[in-house]
Amino acid sequence: MAVVGVSSESRTLTGPGPSRPRGWFHKNRMAIAPWLFVAPALLFFAVYVIIPIFQSIAISFYEWNGLYDVNGESTAQWVGFQNYIKLLDDSRFYISLKNNLIWLVLYMLAVPVGLAIALFLNQTVTGIRIYKSMFFFPFVISQVVVGLIYGWFYNPDFGVVGSVWKALFCEEVINIVGNVTTKCSVSPPDILADETWATYGIIFAGLWPQIAYCMILYLTGLNNVSPDQIEAARLDGARGFKMLRHVILPQLGPATFLAIVVTVIGALRSFDMIAIMTRGGPYGSTNVLAYYMYETAISEYGDRYGYGSAIATVLFLIMLVYISYFLWKMYQDEKGGM
Amino acid sequence: MKLKFKSTLIAAAIGSMISTLALAGDLVINFDDPNPGPKAGFEAAVEAFKKAHPDVNVTVNINDREAHKTAIRNFLSADAPDITSWYPGNRMAPFVEAGLFDDVSDVWEANGFSDTLAAIKPTMTIDGKQWGVPYTYYQWGVYYRKDIFDKLELAEPKNWDEFNAAAMKLKEAGVTPITIGTKFLWTAAGVFDYLNLRINGYDVHNDLTAGKIKYTDDRIKAVFMAWKEMVDAGYFIENHATMSWQDAIAPFQNGDAAMYVMGNFSVDAYKNAGLTEDQIDFFQFPEITPGLPRAEEAPADAFFIPARAKNKEDARKFLAFIAQPDIQTEWNNTIGQLPINNQATVGDSKFLKEGFETLSTAAGLAQFYDRDAPAQMAKAGMEGFQEFMLDTSKMDAILERLDKVQEEVYK
């Protein structure tokens, strides 16, 4: 706002005299200028976000394999709410929905763990910056790389899990062609191929960078904790957990809010980890809604755009609840701040 | 800035020149395999075509296989090339049904392909018309460690009893009979297809993938029962669900597993893993139901003319050209696969010779479960196969679920 005010002022100083009749634009410039600034962003937001949302909702009422015929006309067929009715009876859909919830709940662990590490690292020792950067490191590497690393980590043949298991339960023997192989009394766990454990395995991998992210948020938050208040609290005899609960944490409120927001977003963005580690498998048991939508609509055996759009719409409605709450909360905070 | 403007002008001029040239006998071909071997084979065939038809100006676009699968959905209805590579069987069905491929029955008729390409004709046919011309295929079967078989004095099993006896003997010697990696699902479909083809035969395979037989049908149940016996007896390696087909070569290479139900493209991978030609060999998947005509898996790759192609005349010349025996011979020598034209000669490798023997005497050729069945069915089916291999006790639940998917897919 301030910028607009300055520029309009300078405009009147250098412009022609007040004798010139003032146009509509001139009269309303204070109202128009902000819109002009926002226009490009609005345009792109509409083209890439808003319009596709409605297109996707529209497609969800059709059965369509994504093809256009020779004349460029869509081969889609109107089926009304059929896709949604199918969705209600689709066990894969419920598995995905359940996994989404598991992701949201377990991903929240990143917040307290991140806080704990931040508190631990918030001290002045030689080389603390190196430790801090090492803890932050996993957030810098791409999700895809994290997924790959953990895929190997869990591998029952050559991964860390497999190696530890082999050291405990297996012995080396010479096989028929004279090569070394291992015989195990109990076969090693195949975490990513086990329908009960695979999702937890991926979440655990995802937590690694997410904890680092929360940690860095809290570290910056801790920098802003007022030393006076700590001093005062200390004089009043507050120590340890009491100090944390009643003095530090309230001051970390904004950091906590941000950490929760990014963690929820992170949990909803679990797509890349799943794609790289299990591709939704074994047999769909690690799907979340986003990946299930991709699988039905776009992947090699998909091409069911209508059904995929129906899943996308459900996901959108769920996220809408969260986003509305988030916006409402922000609005309330701003109102309180004023 | 000025320089940049100039170069864009030049680029635009060149661009317009190319597009004007395009009007005069231009042929655009989209191909889907940039790997060195397939690319060289394709380019050599294009060169030969240019020599035979100097008046045709050929432009080639080679795209990555996965990218091609996505791109074809757009370019067929928007900016279509004159020729594109794609796959026969059910994979071409959506495009044929949307009217995006040109009917090329005339090319088949004019060149006598019904005789020379007879083996593959059924899979190129929808509604009694042919929609493309294939240039290569390869066999599936059992690849095995010959040195291990020799050490245990095992011969190539010809029937199911011999196969089971061999598997038991391998197990006694501490060798897992079969390696497999089901992370990407389709490998399990290979095992299922072969059990089905050997127990019930070609027609049941086709009826199943066409949705005419239920998965809970007794014949399909019999397949799963045989498979269950194999899994429960420990024929397959553990941890297969985290392995790709390439990962599953490791135990095969190490001598921990002795057989692999696979396609011929895997031979290169065995050799890259350090196995020599003496250590590996091939046998046809053994007979299960005595006297049943032997059908095989033989996925083919083919070329198609999009309905929106601009130069259909030269495109037809190209299709006729790539099915010629000499062209198919050379092309498949380069890529190490089998020519489809029965007048062509097969490459020197022992696997190709056995493959040719296997396919040319087969009673029927299947494309593979995921090419014969529609995409949605294939996906659900293959997930079911993987789940079944991890826990055979879920058999009935899986089959019932597949029935439900089937009902929805083929309505």
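Residues numbered from 1 in each chain as written. Chains lettered and ligands numbered in written order. Predicted model: local features only at pLDDT ≥ 70, side-chain atom pairs only at ≥ 80, totals over all residues. Heavy atoms only, no water.

### A few points about the overall build of chain A
A tally of helices and strands in chain A yields 16 helices and four strands. Computed over its C-alpha atoms, the radius of gyration of chain A comes to 28 Å, more than 25% above the 20 Å expected for a compact globule of 338 residues. By principal-axis analysis of the C-alpha atoms, chain A measures approximately 105 × 80 × 35 Å. When the 338 residues of chain A are sorted by exposure, 37% land in the buried category. In chain A, the share of contacts with a sequence separation of at least 24, taken over all contacts with a separation of at least 6, comes to 62%. Within the structure as shown, chain A displays about 20,100 Å² of accessible surface, and the carbon and sulfur contribution to it stands at 68%. Across chain A, the mean location of the 21 positive side-chain charges is 15 Å away from that of the 21 negative side-chain charges. (Helix = DSSP H or I, 4+ residues; strand = E, 2+ residues; numbered from the N terminus. Rg over C-alpha atoms; globule rule 2.2 N^0.38 Å. Buried < 20%, exposed > 50% of the residue type's maximum accessible area, 1.4 Å probe, protein only. Contact = heavy atoms within 4.5 Å. Areas by Shrake-Rupley, 256 points an atom, 1.4 Å probe, with all protein chains shown as cover. Lys, Arg positive; Asp, Glu negative; His and termini not counted. Charge placed at Lys NZ, Arg CZ, Asp CG, Glu CD.)

### As for the state of the cysteines
Residue and element names in this part refer to chain A. For the coordinates displayed, the defined rule picks out one disulfide over all chains. Each disulfide pairs two cysteine sulfurs, and for Cys 170 the partner residue is Cys 184, the sulfurs being separated by 2.1 Å. Across the S-S bond linking Cys 170 and Cys 184, the dihedral sits near 100°, which makes this disulfide right-handed. Of this pair, Cys 170 sits in strand β3 (residues 170-174) while Cys 184 sits in strand β4 (residues 180-184), and the two are 14 residues apart along the sequence. A relative accessible area of 16% means that Cys 170 is categorised as buried. (Disulfide = S-S within 2.5 Å.)

### Describing the nonpolar core
Generally speaking, soluble globular proteins have nonpolar side chains that are buried together. Ranked by size, the top nonpolar core spans 74 residues in total, and within it Trp 227 and Phe 236 of chain B carry the most contacts. Among residues more than four places away in sequence, those in contact with Trp 227 of chain B are Ala 188, Val 191, Phe 192, Leu 195, Phe 236, Phe 385, Phe 388 and Met 389 of chain B. Within the second largest apolar cluster, 58 residues are counted, among which are Leu 67 of chain A together with Phe 31, Val 96 and Leu 319 of chain B. (Core = buried A, V, L, I, M, F, W, Y, C linked by side-chain atoms within 4.5 Å.)

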